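Below, each chain spelled out in residue letters.
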Amino acid sequence: MSIFLKAVQRINPLEPDEPKKWYPVQYTTKMVDESEVAMLIADGTTDPFP
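Note that the structure is a prediction, hence the values are computed from the model and not measured.

Undergrad: Would you explain the overall build of the chain in this entry?
TA: What the chain contains, in helices and strands, is one helix and two strands. Ordered by position in the sequence, the α and β elements of the chain form the string β-β-α. Counting only residues that meet the buried cut, the chain has 0% of its 50 residues in that class. Taken as a whole, the chain presents about 5,000 Å² of accessible surface, with 59% of it coming from carbon and sulfur.

Undergrad: What exactly am I supposed to notice about the confidence of the model for the chain here?
TA: Caution applies to low-pLDDT parts of the model: their predicted coordinates are not meant to be read in detail. Per-chain confidence: the chain averages 84 in pLDDT, with 88% of residues scoring 70 or above. Mean pLDDT per element in the chain: helix α1 (residues 34-44) is the minimum at 84, and strand β1 (residues 4-10) is the maximum at 92.

Undergrad: What is the right way to look at the packing of aromatic side chains in this model?
TA: In this description, a pair of aromatic rings is defined by centroid distance and the angle of the planes. For the coordinates displayed, the defined rule picks out one aromatic pair. Arranged with centres 5.6 Å apart and planes meeting at 25 degrees, the rings of Phe 4 and Tyr 27 form a pair that is stacked. Linking Phe 4 in strand β1 with Tyr 27 in strand β2 (residues 21-27), this pair joins segments that are 23 residues apart in sequence.

Undergrad: Help me understand the environment of Asn 12, please; the structure alone is not making it clear to me.
TA: Here Asn 12 is to be found in the loop between β1 and β2. The class of Asn 12 is partly exposed, set by a relative accessible area of 31%.

Undergrad: In this structure, what is going on with the environment of Thr 29? I would like to understand it.
TA: Mapped onto the elements of the fold, Thr 29 is located in the loop between β2 and α1. Judged by relative accessible area, Thr 29 falls into the exposed class, the value being 61%. Through-space distance from the C-alpha of Thr 29 to that of Ser 2 is 9.5 Å; in sequence the pair is 27 residues apart.

What counts, and where the lines are drawn
- Residues numbered from 1 in each chain as written.
- Predicted model: local features only at pLDDT ≥ 70, side-chain atom pairs only at ≥ 80, totals over all residues.
- Heavy atoms only, no water.
- Helix = DSSP H or I, 4+ residues; strand = E, 2+ residues; numbered from the N terminus.
- Buried < 20%, exposed > 50% of the residue type's maximum accessible area, 1.4 Å probe, protein only.
- Areas by Shrake-Rupley, 256 points an atom, 1.4 Å probe, with all protein chains shown as cover.
- pLDDT = per-residue confidence, 0-100.
- Phe/Tyr/Trp six-rings, centres within 6.5 Å; stacked < 30°, edge-to-face > 60°.

Next up, the structure:
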């Protein structure tokens, strides 16, 4: 299963005159439970102590 991201432009509410910035927003195509999310995160990370 892939993690899908889309780019969304948002303003800073504290500084509305500044230019908008782009932020990644995750979206899903199916529901998954917590254990599956944990496994996906674990598979996508590396060992910090090789």
